Amino acid sequence: MNIKGAIMRVFPEIPEFGEVDFSQYSTPYAAVLMAFFESGKSGLREFEEFVEKNGGTKADVGRFLISIFQYLLIRYRRYGDEKVEVPAFKVFLTLKGWLSENGFENDYRRLLYSFVGYLVDIAEKIAERFDCELGLTYMKTAYLLTIEAEETFEDEYFSELKKKAREMLANVYRACGTEEALPEKREKGC
């Protein structure tokens, strides 16, 4: 079974999946995933239509997407797998948009609440390993997610996380020789 190929077919915009080890990934959606792979179709919208055409629901698609994100985080946390960092961040952003767009805002809030700290950590590691432009993009996005979490949950943890992310972002700006102003409010679309 070519699970990795099928996942890459769902997410053609995330070529970094090519480096991810999916040998331990298990999903109840393997049959539909392989059927989608064999159909030759590509992209999340096509996958969503394929699932619904074959008796599934948007909720099934959401659960599948969340399972991919959780698998990537497990590889990151348990195995220290650096190859999952960029895909995990990209899948989270995809989830943010897809869940909100399809009426699963509560699921998104649960993900934000549970995993924004990991995203900050991942963004910092990406910033350390990649060029300034890419590092700044990920770190700024992580910082904006902490602002969103602080505004959404009103929990001291998120205020502290925001301060930590702000400091990390300032460090990346300094390391890159950029004196750009740090964002103070959540920007639309993030």
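Reference entry: report on the structure contained in this document. (Residues numbered from 1 in each chain as written. Predicted model: local features only at pLDDT ≥ 70, side-chain atom pairs only at ≥ 80, totals over all residues. Heavy atoms only, no water.)

Remarks on unusual backbone geometry
The residue E154 is not glycine, and still its phi comes out positive at about 45 degrees. Relative to the elements of secondary structure, E154 occurs in the loop between α7 (132-153) and α8 (156-175). Overall, E154 belongs to the exposed group, its relative accessible area being 72%. (Helix = DSSP H or I, 4+ residues; strand = E, 2+ residues; numbered from the N terminus. Buried < 20%, exposed > 50% of the residue type's maximum accessible area, 1.4 Å probe, protein only.)

Side note on the packing of aromatic side chains
Counted by the stated rule, this structure contains 18 aromatic pairs. When the centroid spacing of 5.4 Å and the interplanar angle of 80 degrees are considered together, the rings of F69 and F115 count as edge-to-face. One end of the pair, F69, is in helix α4 (residues 58-79); the other, F115, is in helix α6 (residues 105-129), with 46 residues separating them in the sequence. Judged on exposure class, the residue F69 and its partner F115 are both buried. Pairwise contacts between aromatic rings join F11, F17, F22, Y25 and Y71 into one cluster. (Phe/Tyr/Trp six-rings, centres within 6.5 Å; stacked < 30°, edge-to-face > 60°.)

Keep in mind these values describe shape, not function.
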